[in-house]
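# Coordinates in review
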Amino acid sequence: MSPIPFVILAAFCAAVFAPVARASMDADPLIGKVMLDQAEWRAGDDDNVWAWDGEAWLGYDMNRLWLKTEGELAGGDTESFEVQALYSRPVSAFWDLQV
């Protein structure tokens, strides 16, 4: 098989997507992240226990929405449960303020 179609395809992709890549470098894209610190299930004699602790954020460089949750279920009953929705904004180079 000839490499010529691949060269033509690569040149076409470079011509079409290069302006998009340059434009997106200057833009402030919507980004997000999900972090799960704890996800465990414990089988016991009486009750099975499910525990979790995690957080996620969605936003831009300057403005983000944080969702934090942790909790524990034992035998179908809620032992503890917490959910926080926070607004985050940077106040200096390595510090954010969350309210």
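Coordinates for the structure precede this section.
Residues numbered from 1 in each chain as written. Predicted model: local features only at pLDDT ≥ 70, side-chain atom pairs only at ≥ 80, totals over all residues. Heavy atoms only, no water.

One pass over the structure, following the stated rule, counts two salt bridges. In this structure, E40 and R42 form a salt bridge, with 2.0 Å as the shortest nitrogen-oxygen distance. Given the relative accessible area of 37%, R42 is considered partly exposed. E72 is the salt-bridge partner of R42, the closest N and O atoms lying 4.0 Å from each other. Here R42, found in strand 1 (residues 31-42), pairs with E72, found in strand 3 (residues 64-74); they are 30 residues apart in sequence, far enough to count as distant. (Salt bridge = Lys/Arg side-chain N within 4 Å of Asp/Glu carboxyl O. Buried < 20%, exposed > 50% of the residue type's maximum accessible area, 1.4 Å probe, protein only. Helix = DSSP H or I, 4+ residues; strand = E, 2+ residues; numbered from the N terminus.)

Moving on to a negative patch on the surface. On the surface, a cluster of negative charge is made up of D45, D46, D47, D77 and E79. Inspection of the secondary structure puts D45 in the loop between strand 1 and strand 2 (49-59). (Patch = residues over 30% accessible without salt bridge, like charges linked within 9 Å, V, L, I, M, F, W, Y side chains within 5 Å. Areas by Shrake-Rupley, 256 points an atom, 1.4 Å probe, with all protein chains shown as cover. Lys, Arg positive; Asp, Glu negative; His and termini not counted. Charge placed at Lys NZ, Arg CZ, Asp CG, Glu CD.)

Quick look at a nonpolar patch on the surface now. Judged by side-chain polarity, Y87, V91, F94, W95, L97 and V99 come together as a nonpolar surface patch covering roughly 780 Å² of accessible area. Those elements that provide at least two residues to the nonpolar patch are strand 4 (77-92) and strand 5 (95-98). Position of W95 among the secondary structure elements: in strand 5.

Quick look at the environment of A74 now. Counting through the fold element by element, A74 comes out in strand 3. Separated by 26 residues in the primary sequence, A74 and N48 have C-alpha atoms spaced 5.7 Å apart.

Let us now look at the side chain of R64. On the secondary structure map, R64 appears in strand 3. One polar contact links the side chain of R64 to the main-chain carbonyl oxygen of Y60, over a distance of 3.1 Å. Setting aside residues up to four positions removed in sequence, R64 forms contacts with I31, W57, L58, G59, L86, Y87 and S88. (Polar contact = N/O pair within 3.5 Å; in protein donor to acceptor, adjacent residues only side chain to side chain. Contact = heavy atoms within 4.5 Å.)

What follows deals with the sheet that holds strand 5. Within the open sheet, the five strands sit side by side as 1-2-3-4-5. Their pairing is antiparallel. Bordering the open sheet on either side are strand 1 and strand 5, each of which pairs with just one other strand. Geometrically, the sheet is characterised by an average inter-axis angle of 20° between neighbouring strands, direction not taken into account. By the bridge criterion, four bridges tie strand 4 to strand 5 in an arrangement that is antiparallel. Across the sheet, residue S92 finds its bridge partner in strand 5, namely W95. (Pairing = 2+ DSSP bridges. Axes fitted to C-alpha atoms, helices over the stretch in contact; angles between N-to-C directions.)

Purely geometric numbers; function is a separate question.
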